[in-house]
Amino acid sequence: MNALQDVVDYGIIGLLLALSIWTMAIAVERWLFYRRVDLAQYPDSLGLEMVLTRRLVIIGTVAANAPYIGLLGTVLGIMLTFHTMAPPAPWLSMPS
């Protein structure tokens, strides 16, 4: 049971941490790109908009799904807690 608890705890936290690092890396990359963008290179606004919004969908997707991953960790943690608190079923014990 402890192994399952560790998998749930560290798995959910690890997934959220990995998504956070990925999102921050994209945000830093976009910030650095925005600092050096030259508006004169883009004759039309559509091309400029395509370049400026590249990879922003990833940040939005992670931001939209992170609460659900946290909720999954909460639900799994509550289920593990109730399983740990429950007394062992007498009909499941093996006769010696």
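Look above for the structure.
Residues numbered from 1 in each chain as written. Predicted model: local features only at pLDDT ≥ 70, side-chain atom pairs only at ≥ 80, totals over all residues. Heavy atoms only, no water.

Structural notes on the pattern of salt bridges
In plain terms, the rule: Just to be clear on terms, a salt bridge is a Lys or Arg side-chain nitrogen sitting within 4 Å of an Asp or Glu carboxyl oxygen. Only protein chains enter the calculation, and the probe is 1.4 Å; a residue is then buried if its accessible area is under 20% of its type maximum, exposed if over 50%, and partly exposed in between. Strands here are runs of E lasting at least two residues and helices are runs of H or I lasting at least four, both read from the DSSP assignment and numbered beginning at the N terminus.
Tallying each qualifying case throughout the model produces two salt bridges. For Arg30, the salt bridge goes to Glu29, with nearest N and O atoms at 3.0 Å. Assessed through its relative accessible area of 3%, Arg30 is described here as buried. Residue classification places Glu29 among the partly exposed positions, given a relative accessible area of 28%. Note that Arg55 and Glu29 form a salt bridge whose closest N and O atoms lie 3.1 Å from each other. In this pair, Arg55 sits in the loop between helix H2 (45–52) and helix H3 (56–85) while Glu29 sits in helix H1 (residues 2–36), placing the two residues 26 residues apart along the sequence. The network of salt bridges with shared partners includes Glu29, Arg30 and Arg55.

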